[in-house]
Amino acid sequence: MNETLTILGLESSCDDTAAAVVRHTVGKPAQILSNVVFGQNELHSDFGGIVPEIAARAHVEKLDIVVEQALTRAKMQMPDLDAIAVTAGPGLIGGVLSGVMCAKGIAAGSGLPLLGINHLAGHALTPRLTDNVDFPYLMLLVSGGHCQFLIVKGVDDFTRLGGTIDDAPGEAFDKVARMLALSQPGGPAVEAEAINGDPTRFKFPRPLLNRPGCDMSFSGLKTAVLRERNCLIKQHGGLQSKDRADLCAGFQAAVVDVFAEKTRRAMVEYMTLFPKTPTFTLAGGVAANQAICGALETSSSELFVKFTAPPLALCTDNGAMIAWAGIERFRAGFRDDMTLAARPRWPLDNTSPAMLGSGKKGAKA
Ligand code: KG4
Ligand code: ZN
């Protein structure tokens, strides 16, 4: 086994072009030698959402630059690396293809081994990079595109306990922000408004709490906010700043209640299977929300579960999580080659029934 591994990770599956170099020596904490991210918010802000073609073109333009910067900041050259890891799905196919082609070019030119990484596995393995968390642990992965409870049992061994059956929560935050004319991405804007709002003024639903299990739904909640907004506009000809704050506070309180209860259920299921030293971790951009994070920390302490959340820069999309997943997979003996395919759909857990994005072509994530 290689005592020390140094891997370059590339990420381009959504709207961040990212590259990072991570080094790990067995028995020591991992070191993030560089972590470069180019976001694309300003490119998509006029369109009210991510435009896949614009995203793909921006990835093509930026990939070479992030790779060069990641190597320079890490004071590394290609021969100093042991392998190249790249997100091979799931995600927007143009972006995933750009990353995979870039990584294949580097691997072909340098002779370095290639590793294709599932983006969700990158998020799911991050607590081992940041906090050296042992398997098995429970994770809530909660972002603009994903929402699922996972038991992470090994490098390539995940069980999904449940997830959203419609919108991801980040997407719901973004849509609520849009309907209230707040800035994008909507999560931080809605959270900032909610601080001054009254969460009890509007009676928003807590979807699926009366249904057993850990599945969640955010689409109806988002529509309930839209209905109240339209009502206020009809009655008063527009929205006052107090209305906006109260709508945000009510919406966020409903999301918090859903997460708190569903997380408790996921913890009970997980602890029934793995009662020894339980750990709960968060990943994804929505983990930035203080109210959600605080509520989940409380749920954890009530059930005597250890709570960890990676620093925000490693919760959102980044190259370090892909490089780290590469290190884990390399050590476990996985290798890919030039036949590595870019996959728009790639569920982490093939055994649990698919909820989000399932259809003719199968489960998305
Ligand atoms: O993980 P991420 O950076 O990208 C992917 O979706 O893959 O997550 C971005 C999402 C956006 O929908 C954004 O609105 C949400 O995370 N977000 C938040 C907060 N900060 C970011 N949602 C709620 N509260 C926040 N403070
Ligand atoms: Zn992500």
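Just above sits the structure.
The structure displayed is predicted, hence computed values, not measured ones. Along each chain, residue indices are assigned from 1 in the same order as the chain's sequence is written. To label them, take the chains in the order written and letter them from A, then take the ligands in the order written and number them from 1. Given that this is a predicted model, residues contribute local features only at a pLDDT of at least 70 and side-chain atom pairs are listed and counted only at 80 or more, while totals for whole chains, interfaces and linings are drawn from all residues. Computation of side-chain values: all heavy atoms of the structure, hydrogens and water removed.

*Asks:* Would you explain the overall build of the protein in this entry?
*Replies:* Check the secondary structure of the protein and you find 11 helices and 10 strands. As defined in this context, the radius of gyration uses C-alpha atoms, and a globule is described by 2.2 Å times the residue total to the power 0.38. Taking 2.2 N^0.38 as the reference for a compact globule, 365 residues should give roughly 21 Å; the C-alpha atoms of the protein span a radius of gyration of 21 Å, in line with that estimate. Taken over the C-alpha atoms alone, the protein extends approximately 65 × 50 × 40 Å along its principal axes. Should any heavy atoms of two residues lie within 4.5 Å, those residues are counted as being in contact. Of all intrachain contacts in the protein linking residues separated by at least 6 positions in sequence, the fraction that spans at least 24 positions is 72%. The method behind every accessible area is Shrake-Rupley, applied with a 1.4 Å probe, and residues are considered shielded solely by the protein chains displayed. As presented, the protein carries roughly 15600 Å² of accessible surface, and 54% of it is formed by carbon and sulfur atoms. Charge separation in the protein, taken as the distance between the mean sites of 35 positive and 37 negative side-chain charges, equals 4 Å. Numbering of helices and strands runs from the N terminus; a helix is a DSSP stretch of H or I covering at least four residues, while a strand is a stretch of E covering at least two. Under this rule, positive means Lys or Arg and negative means Asp or Glu; His and the chain ends count for nothing. Charge positions are represented by NZ for Lys, CZ for Arg, CG for Asp and CD for Glu.

*Asks:* What should I look at first to understand the site of ligand 1 in this one?
*Replies:* One heavy atom within 4 Å of a molecule or strand is enough for the residue carrying it to be called near that molecule or strand. The full set close to ligand 1 counts 18 residues, and Gly 144, Asp 174, Gly 187, Glu 191 and Gly 285 are the nearest of them. We define a polar contact as two N or O atoms separated by no more than 3.5 Å, with the added condition that, inside protein, one atom must be a possible hydrogen donor and the other a possible acceptor, whereas residues neighbouring each other in sequence contribute only through side-chain atom pairs. The separation between an oxygen atom of ligand 1 and a polar main-chain atom of Gly 170 is 3.1 Å. One nitrogen or oxygen atom from the main chain of Gly 187 is found 2.9 Å from an oxygen atom belonging to ligand 1. Notes on ligand 1: free accessible area 550 Å², of which the protein chains cover 88%. Counting residues per element, the ones that place at least two in the shell around ligand 1 are α5 (169-179) and α6 (186-195). The leading source of residues in the shell around ligand 1 is α6, at 4 residues. By the convention adopted, Pro, Cys, Tyr, Trp, Phe, Met, Ile, Leu, Val and Ala count as nonpolar, Lys, Arg, Asp and Glu as charged, and the other residues, Gly among them, as polar. Here the shell around ligand 1 is composed, by residue class, of 5 nonpolar, 10 polar and 3 charged.

*Asks:* Whenever I open this one, α5 confuses me. Can you help?
*Replies:* With 8 of 11 residues buried, α5 lies mostly within the body of the structure. The set of residues buried in α5 consists of Pro 169, Gly 170, Ala 172, Phe 173, Asp 174, Val 176, Ala 177 and Met 179. Ala 181 sits one or two positions beyond α5 and adopts a positive phi of about 60 degrees. Partly exposed describes any residue whose relative accessible area lies between the buried limit of under 20% and the exposed limit of over 50%, with all areas from a 1.4 Å probe on protein chains only and scaled to the type maximum.

*Asks:* In this structure, what is going on with the coordination of the zinc ion (ligand 2)? I would like to understand it.
*Replies:* Metal coordination here is assigned from N, O and S atoms located within 2.8 Å of the ion, or within 3.2 Å for Na, K and Ca; omission of water means that sites may look incomplete. Summarising the metal site, the zinc ion (ligand 2) is bound by the protein donors His 119 (NE2), His 123 (NE2) and Asp 317 (OD), whose distances to it range over 2.1 Å. Counting residues between consecutive donors of the zinc ion (ligand 2) along the chain gives the motif H-x3-H-x193-D. Taken together, the residues span about one helical turn, with His 119 and His 123 both in helix α4 (residues 119-131) at a distance of 4 residues. Each member of the pair, His 119 as well as His 123, carries the same accessibility label: buried.

*Asks:* What should I look at first to understand the sheet that holds strand β3 (residues 31-39) in this one?
*Replies:* Two modes of strand pairing occur in sheets, parallel and antiparallel, and in both the strands are linked by backbone hydrogen bonds. The rule for pairing is simple: two strands pair if DSSP sees at least two bridges between them. Strand order in the open sheet formed by 5 strands is β3-β2-β1-β4-β5, with mixed pairing between adjacent strands. Each edge of the sheet is formed by a strand with only one pairing partner; in this case those strands are β3 and β5 (114-118). Direction aside, the axes of adjacent strands within the sheet are offset by 20 degrees on average. The axes are straight lines fitted to the C-alpha atoms, using for helices just the contacting stretch, and the angles between their N-to-C directions are given from 0 to 180°. Across the sheet, α4 touches β1 (4-11), β2 (16-25), β3, β4 (83-89) and β5, and the angle it forms with β5 is around 95 degrees. The strands that helix α11 (residues 320-331) touches are β1, β2, β3, β4 and β5; relative to β1, the one it contacts most, it runs at about 135 degrees.

*Asks:* Just to check I follow, could you spell out the pattern of salt bridges for this structure?
*Replies:* Should the charged atoms of two oppositely charged side chains come close, the side chains can pair. What counts as a salt bridge is simple: a side-chain nitrogen of Lys or Arg found within 4 Å of a carboxyl oxygen of Asp or Glu. Counted under the stated rule, the structure contains 13 salt bridges. Note that Arg 128 is salt-bridged to Glu 328, the shortest N-O span being 2.6 Å. One end of the pair, Arg 128, is in helix α4; the other, Glu 328, is in helix α11, and 200 residues separate them in sequence. By relative accessible area, which is 18% here, Arg 128 ends up buried. Its salt-bridge partner being Asp 167, residue Lys 222 comes within 2.7 Å of it at the nearest N-O pair. You can see Lys 222 sitting in helix α7 (residues 219-236) and its partner Asp 167 sitting in the loop between β8 (157-163) and α5, a full 55 residues away along the chain.

*Asks:* Would you take a moment to explain unusual backbone geometry for this structure?
*Replies:* Glycine aside, a negative phi is what most residues show, and trans is what most peptide bonds show. A cis amide bond links Gly 89 with the next residue in sequence, Pro 90, at an omega value of -15 degrees. Note on placement: Pro 90 falls in the loop between β4 and α3 (93-110). With an omega dihedral of -5 degrees, the bond running from Gln 184 to Pro 185 counts as a cis peptide bond. A positive phi angle, close to 55 degrees, is found at Lys 75, a residue other than glycine. Here Lys 75 is to be found in the loop between α2 (52-74) and β4.

*Asks:* What exactly am I supposed to notice about the environment of Ala 83 here?
*Replies:* On the secondary structure map, Ala 83 appears in strand β4. Judged by its relative accessible area of 0%, Ala 83 falls in the buried class. Taking C-alpha positions, Ala 83 is 9.0 Å from Ala 323, a pair spaced 240 residues apart along the chain. Discounting chain neighbours no more than four positions away, the residues touching Ala 83 are Thr 6, Ile 7, Leu 8, Leu 112, Pro 113, Leu 115 and Phe 330.

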